[in-house]
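# Overview (structure and organization)
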Amino acid sequence: ATGLDVEAIREDFPILDRQIGGDVTAPGPDETDDTPLYYLDNAATSHTPRQVVEAMTEYYYEYNSNVHRGIHSLSQEASVAYEEAHDRVAAFVGADGREEIVFTKNTTEAFNLVAYTWGLTELEPGENVVTTQMEHHASLVTWQQLCEKQGAEVRYVEIDEDGHLDMDDLRSKVDDDTAMVSTVHVSNTLGTVNPVAEITEIAHEHDALSFVDGAQAVPTRPVDVGAIDADFYAFSGHKMLGPTGIGVLYGKERLLEALPPFLVGGAMIRRVEFEGATWEDLPWKFEAGTPPIAEAVGLTAAIDYLEEVGMAAIERHESELARYAYDRLAEFDDIEIYGPREERGGLVGFNLDSVHAHDLSSILDDHGVAVRAGDHCTQPLHDVLGVPASTRASFYLYNTREEIDELIDAVDTARQLFA
Ligand code: PMP
């Protein structure tokens, strides 16, 4: 009904055929596995289609080599693939070119890169960083630690009852001493979709920079960093059908140009003497050492896959599944759901009255339903919600309504068990 040929898509993901339930102390399937898998933990990490694995296999079998410095054929082929991966990512998110795309290990490293380069050189005592109560620790802890080091203040914009940002609170917290405004695009706990273009405009009115955490947004909806006008934007390959070990920091070229390097060493160097060194051009200045080459090839294949399916169609599919899950969970009066009903990302966080999320998710696992239970790296947000943890079901392009029905049945079983 959502326009995606989910059955055909599922064929590309061998792991979705896995049975579980047996021995989990050794990786992979074993003969005691007897329960079909309903994988609803996509916000933590997504699965990898054959096309991505095959692209990486082809790399290792056909042109595995170090990049940038080789004259030999394999190195040139690997270099072209690695460099073009930057172009592919740039086009996918609407950046101006490869100079604006830095490959990192993940979203977390992208935040740390900006804190260690911009933060340690530009953020001054008395200035402030405005972020929100719903940030992931990758963002929240980075700004907290940076501000502590620099004698700056970190301010947290509050959320309302529905899990939306209180925009009046944001406007009152951003002032002429604000140096950075950092907001998650789609909350990994509440599913809230934040008005990041509007927030960026407010930041710019005060000459502050804007950093948007797109870890949950880029995989699930069309994103145009130019339209948002963010100065920095970060996301991870492993949440968008790509491999682990690669993430992306987008930064406006003139800003990246002005920043000092983060890590130093090989590949980011132009000329080294005993007395000092000069740096490579963008984006290589920020990519010290041997980079994630196979992963960049995999990420390119993941983007090919996502574009073939269509990001607008994926967004529609996600939003229909999230609405369906929300409404089915809302039928239980002993379940509390977090975040807004309307316009949410493809995930639903909830709690069953007086049952710890870990106990609930362990029952769900017995039914083959893989969800995440815990604080989802948003402990301060859980303090605001007044609970230690929550259970989160998160969907992707290969999920179906039937899998959500399995979730609901398993939740119902747990309700009766704990009643
Ligand atoms: N921000 C958000 C909103 C996330 O959901 C995540 C992943 N849970 C991260 C940042 C961190 O991503 P990574 O672990 O890939 O660095």
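Report follows, based on the coordinates. Source: prediction; values computed, not measured.

Taken in spatial order, the 4 strands make up an open sheet running β13-β14-β17-β16, and their pairing is antiparallel. With partners counted over all chains shown, the strands left at the sheet margins are β13 (335–338) and β16 (372–374), one partner each. Taken pair by pair, the neighbouring strands of this sheet meet at an average axis angle of 30 degrees, ignoring direction. Strand direction decides the pairing type here: β16 and strand β17 (residues 390–394), joined by 3 bridges, are antiparallel. Paired with G374 across the two strands is S390, which belongs to β17. Contacting β14 (347–352), β16 and β17, helix α12 (residues 357–366) crosses the sheet at an angle of about 160 degrees to β16.

To continue, consider the site of the ligand. As a matter of local geometry, the ligand sits amid N106, T107, T108, H136, V184, N188, D213, A215, Q216, S236, H238 and K239. For the ligand, a nitrogen atom lies 2.6 Å from a polar atom in the side chain of D213. In the model, an oxygen atom of the ligand is placed 2.7 Å from a nitrogen or oxygen of the S236 side chain. Expressed as a share of its isolated accessible area of 400 Å², the protein-covered part of the ligand is 87%. Tallied by class, the residues present in the shell around the ligand amount to 2 nonpolar, 8 polar and 2 charged.

What follows deals with the packing of aromatic side chains. This model, assessed by the stated rule, comprises 14 aromatic pairs. Ring geometry for Y59 versus Y63: centroids 5.2 Å apart, planes at 90 degrees, classification edge-to-face. With Y59 and Y63 both in helix α2 (residues 50–63), this residue pair falls 4 residues apart, about one helical turn. Here Y59 and Y63 have matching classes, each one buried. Consider the rings of Y82 and W284, whose centres lie 6.2 Å apart with planes at 40 degrees: the pair is tilted. Taken together, the residues Y82 in helix α3 (residues 73–93) and W284 in the loop between β12 (276–279) and α10 (293–309) connect sequence positions 202 residues apart. The class for Y82 is buried, based on a relative accessible area of 0%. Through pairs of rings, three or more aromatic residues link up here, namely F111, W118, W143, F211 and F232.

Note on placement: S390 falls in strand β17. S390 gets classed as buried once you look at its relative accessible area, which sits at 1%. At a separation of 2.8 Å, a polar atom in the side chain of S390 contacts the side chain of H382. Residues contacting S390, with those up to four places away along its chain left out, are T189, Y338, F350, N351, A357, R372, A373, G374, H376 and H382.

Following the criterion strictly, the structure yields 24 salt bridges and no others. Measuring nitrogen to oxygen at the nearest pair gives 3.2 Å for the salt bridge that ties K252 to D231. With K252 in the loop between β10 (247–251) and α9 (253–258) and D231 in the loop between α8 (225–228) and β9 (232–236), this residue pair connects regions lying 21 residues apart in the sequence.

Each value, and the rule that gives it
Residues numbered from 1 in each chain as written. Predicted model: local features only at pLDDT ≥ 70, side-chain atom pairs only at ≥ 80, totals over all residues. Heavy atoms only, no water. Pairing = 2+ DSSP bridges. Helix = DSSP H or I, 4+ residues; strand = E, 2+ residues; numbered from the N terminus. Axes fitted to C-alpha atoms, helices over the stretch in contact; angles between N-to-C directions. Contact = heavy atoms within 4.5 Å. Near = heavy atom within 4 Å. Polar contact = N/O pair within 3.5 Å; in protein donor to acceptor, adjacent residues only side chain to side chain. Areas by Shrake-Rupley, 256 points an atom, 1.4 Å probe, with all protein chains shown as cover. Nonpolar A, V, L, I, M, F, W, Y, C, P; charged D, E, K, R; others polar. Phe/Tyr/Trp six-rings, centres within 6.5 Å; stacked < 30°, edge-to-face > 60°. Buried < 20%, exposed > 50% of the residue type's maximum accessible area, 1.4 Å probe, protein only. Salt bridge = Lys/Arg side-chain N within 4 Å of Asp/Glu carboxyl O.

On their own, these measurements won't tell you what the molecule is for.
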